[in-house]
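# What the coordinates show
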Amino acid sequence: ALEEADGDESKAIEVLRKKGEAKSAERAERSTNFGVVAVHEENGKAAIVVLGCETDFVAKNDDFVNVAKSFAKEVFENGESLDLSSKMNDLNIKMGEKIELKTVKIVEGTNLGVYIHGNRIGTLVALSGGEKDTARDIAMHVAAMNPRVTSPSEVSEELLTKEKEIWTEQLKNEGKPEEIIGKIMMGKEKKFREENALLTQAFVENPDQTVEAVLNGVKIEGFWRFEA
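For clarity, every value in this text was computed on a predicted model and none was experimentally measured.

### Some points on the overall build of the chain
Looking only at helices and strands, the chain has 8 helices and 8 strands in total. A compact globule built from 228 residues would reach a C-alpha radius of gyration of about 17 Å, whereas the chain, at 23 Å, exceeds it by more than 25%. Taken along the three principal axes of its C-alpha coordinates, the chain extends 85 × 45 × 25 Å. Within the span of the chain, comprising 228 residues, buried residues form 39% of the whole. Put simply, the chain shows about 13,100 Å² of open surface, and 46% of that area lies on carbon and sulfur atoms. On the chain, the mean spot of the 31 positive side-chain charges and the mean spot of the 43 negative ones are 2 Å from each other.

The structure is reproduced here in structure tokens:
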């Protein structure tokens, strides 16, 4: 690069950047099936960033993880609309593979629980009150059990329709009489709703209790789960 720039260091840096950006463009169609989830949280507010990469090797790279954390802090301080494109270009060049900014989000809540599992899964839970430890425990539960909705009534009809088609076919193949299929379907729907709703799931740390029982009257303002 120095030879190409006739010994001018600043021009040599430009040459390297252009070559790096050209390689980044070549990698544009590649998949980013690995990555990192980073969260920065203070005083009931959290910013979460999901950075995708091509390999597990980069996902576990300390520099890459630290960049994700720094991005989360910058988003926390400047908002979701923060332009990180220049820094993303530099990161693509430095890491030598496609890097993708998959998620940028800010969440606020009365009592915010944060849980990160292996830098690959990040969850946030906002409660209307209660203890900080409880919020974190529920966030850990969300990471493990991946609920779709807060309460059973929120499970979408679209999702249920797909499941009912499968159940109906299964019951017919099992030779169940038509007159009892309706009752079986009602039971399956109830179970499906409860298994996919946060409040009615068995609490991961104590399966004898539901999450709703653990909360003991504290309301869930919202929950979010992100995976790299």
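### Remarks on helix α7 (residues 178–196)
Each α-helix winds once per 3.6 residues, and so residues spaced three or four apart point in a common direction. Between the first and last C-alpha of α7 there are 27 Å, a value that for 19 residues agrees with the 27 Å anticipated at 1.5 Å per step. Where α7 is buried, its residues touch α6 (157–173).

### Digging into α6
Taking 1.5 Å of rise per residue, 17 residues should cover 24 Å, and α6 covers 24 Å from first to last C-alpha, within 8% of that figure. Every buried residue of α6 is accounted for by Leu159, Leu160, Trp167 and Leu171. Down the axis, α6 shows its buried residues gathered within 90° of arc, on one side only. Residues of α6 that are exposed and point over 90 degrees away from its buried face: Glu158, Glu165 and Asn173. Check the buried side of α6 and you find it contacts α7. One or two residues past the end of α6 sits glycine 175, with phi positive at roughly 75°.

### What to know about the sheet that holds strand β8 (residues 220–227)
Ordered in space as β4-β5-β8, the 3 strands form an open sheet in which the pairing is antiparallel. The open sheet has two free edges, formed respectively by β4 (111–117) and β8, since each of these has just one partner strand. When strand polarity is set aside, the average angle formed by the axes of neighbouring strands in this sheet is 10°. Strand direction decides the pairing type here: β4 and strand β5 (residues 121–127), joined by 7 bridges, are antiparallel. Bridging across to β5, asparagine 111 finds its partner in leucine 127. Packed on one face of the sheet, helix α5 (residues 132–145) meets β4, β5 and β8 and runs near 40° to β4.

### Concerning the environment of asparagine 66
Along the chain, asparagine 66 falls in helix α3 (residues 62–78). Taking relative accessible area as the criterion, asparagine 66 reaches 44% and is therefore assigned partly exposed.

### Digging into the pairing of strand β2 (residues 45–53)
β2 sits mainly inside the fold: 8 of its 9 residues count as buried. Of the strand pairs in this sheet, strand β1 (residues 34–42) and β2 are connected by 9 bridges, and their pairing is antiparallel. The residue bridging glutamate 42 from the neighbouring strand is lysine 45, located in β2. Linking β1 to β2, which pair antiparallel, is a turn of 2 residues; within it asparagine 43 sits at a positive phi near 45°. As judged from the 8 bridges shared by β2 and strand β3 (residues 100–108), these two strands associate in the antiparallel manner. In the sheet register, alanine 46 faces β3, and the bridge partner there is valine 107.

What counts, and where the lines are drawn
Residues numbered from 1 in each chain as written. Predicted model: local features only at pLDDT ≥ 70, side-chain atom pairs only at ≥ 80, totals over all residues. Heavy atoms only, no water. Helix = DSSP H or I, 4+ residues; strand = E, 2+ residues; numbered from the N terminus. Rg over C-alpha atoms; globule rule 2.2 N^0.38 Å. Buried < 20%, exposed > 50% of the residue type's maximum accessible area, 1.4 Å probe, protein only. Areas by Shrake-Rupley, 256 points an atom, 1.4 Å probe, with all protein chains shown as cover. Lys, Arg positive; Asp, Glu negative; His and termini not counted. Charge placed at Lys NZ, Arg CZ, Asp CG, Glu CD. Expected span 1.5 Å × (residues − 1). Contact = heavy atoms within 4.5 Å. Arc of directions from axis to C-beta. Pairing = 2+ DSSP bridges. Axes fitted to C-alpha atoms, helices over the stretch in contact; angles between N-to-C directions.

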